[in-house]
Amino acid sequence: MRDIKIINENWEFIKKGKSTMVNLPHTWNGSDGQDGGNDYYRGTCIYKKNISKANFPKGKVFYIQFDGVNSSSKVFFNNKEITAHHGGYSTFRAKLENIMDSNEIKIEVDNSPNDFVYPQQADFTFYGGIYRNVSIIGVSEKHFDLDYNGAPGIMVTPKVNGKSADIEMQAFADGEVKFEIIADGEIIKTVSSSGKNPKACAAVENVHLWNGIIDPYLYTLKATLLSDGEAADEVSVHFGVRCFEVNPQKGFILNGKEYPLRGVSRHQDRPDIGNALLPEHHKEDIDLICEMGANTIRLAHYQHAQTFYDLCDERGLVVWAEIPYISKHMPNGTENTKTQMTELICQNYNHPCIITWGLSNEITMSGAGDKSLISNHKMLNELAHSLDKTRPTTLAALTMCGIDEEYVHISDILSYNHYFGWYGGNVSMYGPWFDNFHKKYPNKAIGISEYGCEALNWHTSNPEQGDYTEEYQAYYHEEVIKQIIDRPYLWATHVWNMFDFAADARCEGGENGMNHKGLVTFDRKYKKDSFYAYKAWLSDEPFVHICSKRYVDRVEPVTKVTVYTNQNEVELFANKECIGKQTKGKYPFFYFEVKNEGETKITAKAGNCEDTAIIRKTDTFNEKYRMAEEGAVINWFEIDTPVGYLSINDTLGDILATFRGKLVLLSMIPMLKNALSKNDNKNKKDKKSDSGFSVAGFKINKTMLDIAKGFALKRAFSMLGGKFTKEQILSLNRKLNKIKKKH
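Here is a short report on the structure shown in this document. Fair warning: this is a prediction, and the values are worked out from it, not measured in the lab.

## Overview of the overall build of the protein chain
So, point 1. Looking only at helices and strands, the protein chain features 13 helices and 45 strands.
So, point 2. Relative to the compact-globule value of 27 Å for 743 residues, the protein chain shows a C-alpha radius of gyration of 28 Å, a close match.
So, point 3. Per-residue burial over the protein chain gives 56% buried out of 743 residues.
So, point 4. Partitioning the intrachain contacts of the protein chain with sequence separation of at least 6 by distance along the chain shows that 69% fall at a separation of at least 24.
So, point 5. In the form shown here, the protein chain has an accessible surface area of approximately 31700 Å², with 49% of it arising from carbon and sulfur atoms.

See the structure below:
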């Protein structure tokens, strides 16, 4: 029988010739991969460990297993290279032979840039290291296949048949295999089969379905490989019995009932330790996701730990699993996408939580017409179906990618990454955009794979796009939630992101190296107000939450107080005086006006739930609430904004709505050309075509124009990175101040 020994302790770690002792899991980018500057170490480091023969597990044949090494590795055993692996997120193994009394294991780990291993360009840090468990597996001469793509050795395919289910089983071994199906600790079915990779089938009557978060029931399949009638090796997996459909009109259907998938995406990293997580970290993440009431997770943008997939099985969370084929298509990376997809499916086939395989994410950043990109996706789509005939494929398309592009229609189902109301456009654009897609392609299931905006500990009573305040993030998500509720045809919606995460190239929001679109902070310590907006919508656990608790000092005489709850009625008190009661309407968001005098204790009561907050009247705005933009070309108080007249705080769309506003924007063109001429020449190949302008391989479509119109002119200036002087900007503002707004 197999014996497994985890060997995480006491590894010698060598970086740039300097040696230290570490325990696994480990990354060398826990600090420099999270502090900004896009200068974290990407190169080769070495891990070494000596292990005596006496400390090996029991067995006659031995394999070493790596659960995650980022991103390329060479493994040496007693100075002999025994395997190489390219891909930082999947399990791989190698056979250990010629074992001596004392043995050296050495792994050269490399996360340096190249043109053939994904990912290479993405908005997250590629932490180098051996960041998941390493173990040695001891087995008998006769054993389940340990060379098959890091897979568990058995595959189970349940098929619902009325109140029963047919359980198809396959073992990757040569010989006789006994399969046992176990329910609640009792063996309910036993069947045997022999041969090369033997298959068997058994019927389970009155089957207990895996029914998402409602009832995530799991069976166990145990497979025993026999040799002369005796057990030679044994493996077991949990599995769930369920049927599902992704319906273009009704959305996701689980076990014959409509089951709207509403949830989040997840990156796995943490402060200081990066991706080198322990089981308790995974549990904390899933506890928070379940508290919010989500029933689905997009596990972006790579294969996650088996521990987390197991937790999703146990909690009933429906999962989108994908490979890191992201942002930049690399012609030399085709084989790597094939390998990573094969490993993803083979290693995770048995998880009932997974319902779709993701082919790629925002891969058309340089255009959607690349023939190599198209053929790569068709290959991956066919590969996924050949490895798994039970699940559809999907992909996450970029806003700029037009809905008629061939690429968009390769996968079985589809979702789009949109940031209307953050990177441009306005938050009201979600519903109309998806209605337009649904009308034109009524037989294509469509969902939202990413949407979100950033928030730090900045605050305002007048939130606006791009201000990084907690108040704007809350407003943004309220508005998107309202549009999702009205569109049940959306097969799944995934917030970007559940948690803030490290992206070392980022420099925004007042904290470098981070993407702050999370509903929860990077350290998992603070749930932003938007977290509670989703909890009010999705969770049945009674609660009430007053928003903007960190925004205490306020200058206005009457202030807005927002309350979220899933209860039917909210009563608000200011210093014990009742302000009013509100009854829940279509949406679980409540808004009150409260006098701001002195210090006020606000109390919200909903059912048996209660929450409190403090506000305080001040004469001047507390600057600790306002983001101090490093290198900002202009301060807010320098911008004149006469009532009824335009300013640079207005959107391009509002300015273009007036004839004189158009003239002002046209006057900017010579300055813009001069500014951009100082930039690089990356867009030299962009050209006009008969169908309109093309930028970076994308045709300028209505969606892109609508996004541009949604930008405030001031934010457009800031995104140009200081290419306009303060004097130029204020001069344009003075011109706009003379133009009446169009009503």
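This is not the end of the story, as more comes after the structure.
## Focus: the packing of aromatic side chains
So, point 1. Using the criterion set out here, one finds 36 aromatic pairs in the structure.
So, point 2. Between the aromatic rings of Tyr 472 and Tyr 475, the centroid separation amounts to 5.8 Å while the plane-to-plane angle is 50 degrees, which identifies the pairing as tilted. Taken as a pair, Tyr 472 and Tyr 475 lie in helix α6 (residues 470-485) at a separation of three residues, close to a single helical turn.
So, point 3. Taking 6.4 Å as the distance between ring centres and 50 degrees as the angle between the ring planes, the aromatic pair formed by Tyr 472 and Tyr 476 counts as tilted. Here Tyr 472 and its partner Tyr 476 are both found in helix α6, four residues apart, which amounts to about one turn of the helix. Each member of the pair, Tyr 472 as well as Tyr 476, is classed as buried.

## Some thoughts on the layout of surface pockets
So, point 1. Approximately 1100 Å³ is the volume found for the second largest pocket.
So, point 2. Listed by contribution, the elements that provide at least two residues to the lining of the second largest pocket are β1 (3-6), β12 (134-139), β21 (230-239), α1 (279-292) and α2 (306-315).
So, point 3. Partitioning the lining of the second largest pocket into residue classes produces 17 nonpolar, 19 polar and nine charged.

## What to know about empty space enclosed by the protein
So, point 1. Enumeration according to the criterion identifies four cavities of 30 Å³ or more in this entry.
So, point 2. By volume, the largest cavity amounts to about 40 Å³.
So, point 3. Forming the boundary of the largest cavity are Tyr 89, Ser 90, Tyr 302, Gln 303, Glu 322, Ile 323, Pro 324, Gln 340 and Leu 344.
So, point 4. Considering only residue class, the lining of the largest cavity consists of five nonpolar, three polar and one charged.

## Some words on the sheet that holds strand β5 (residues 61-66)
So, point 1. Reading across from one edge, β1-β12-β5-β9 is the order of the four strands in this open sheet, with antiparallel pairing throughout. The open sheet has two free edges, formed respectively by β1 and β9 (92-96), since each of these has just one partner strand. Looking at each pair of strands side by side, their axes are set apart by 25 degrees on average, direction ignored.

## Description of unusual backbone geometry
So, point 1. A cis geometry characterises the amide bond from Tyr 118 onward to Pro 119, with omega recorded as 0 degrees.
So, point 2. Mapped onto the secondary structure, Pro 119 falls in the loop between β10 (102-110) and β11 (129-130).
So, point 3. A cis amide bond links Ala 300 to the next residue, His 301, at an omega of -20 degrees.
So, point 4. Within the secondary structure, His 301 sits in the loop between β26 (296-299) and α2.
So, point 5. With phi around 50 degrees, Asn 197 is a residue other than glycine that occupies positive phi space.

## Focus: the pattern of salt bridges
So, point 1. The tally for this structure, following the rule as stated, stands at 35 salt bridges.
So, point 2. Two residues, Asp 233 and Arg 2, come together in a salt bridge whose shortest N-O distance is 2.8 Å. Taken together, the residues Asp 233 in strand β21 and Arg 2 in the segment before β1 connect sequence positions 231 residues apart.
So, point 3. One salt bridge connects Glu 205 with Lys 189, and the closest N-O pair in it is separated by 3.7 Å. Taken together, the residues span a long stretch of sequence, with Glu 205 in the loop between β17 (199-204) and β18 (210-211) and Lys 189 in strand β16 (residues 186-196) at a distance of 16 residues.
So, point 4. When salt bridges that share partners are traced, they join Asp 123, Glu 454, Arg 506, Glu 508 and Lys 517 into one network.

## A few points about the nonpolar core
So, point 1. Counting residues in each nonpolar core, the largest one holds 126 residues, and the members touching the most others are Tyr 416 and Met 498.
So, point 2. By size, the runner-up hydrophobic cluster in this structure holds 26 residues, among which are Phe 56, Phe 62, Phe 92 and Leu 96.

Rules behind the numbers
Residues numbered from 1 in each chain as written. Predicted model: local features only at pLDDT ≥ 70, side-chain atom pairs only at ≥ 80, totals over all residues. Heavy atoms only, no water. Helix = DSSP H or I, 4+ residues; strand = E, 2+ residues; numbered from the N terminus. Rg over C-alpha atoms; globule rule 2.2 N^0.38 Å. Buried < 20%, exposed > 50% of the residue type's maximum accessible area, 1.4 Å probe, protein only. Contact = heavy atoms within 4.5 Å. Areas by Shrake-Rupley, 256 points an atom, 1.4 Å probe, with all protein chains shown as cover. Phe/Tyr/Trp six-rings, centres within 6.5 Å; stacked < 30°, edge-to-face > 60°. 1 Å grid on protein atoms, 1.4 Å probe; cavity = no way out; pocket = protein on both sides within 12 Å on 5 of 7 lines; lining within 4 Å. Points joined across faces, edges and corners; volume = space filled by probe spheres on them. Nonpolar A, V, L, I, M, F, W, Y, C, P; charged D, E, K, R; others polar. Pairing = 2+ DSSP bridges. Axes fitted to C-alpha atoms, helices over the stretch in contact; angles between N-to-C directions. Salt bridge = Lys/Arg side-chain N within 4 Å of Asp/Glu carboxyl O. Core = buried A, V, L, I, M, F, W, Y, C linked by side-chain atoms within 4.5 Å.

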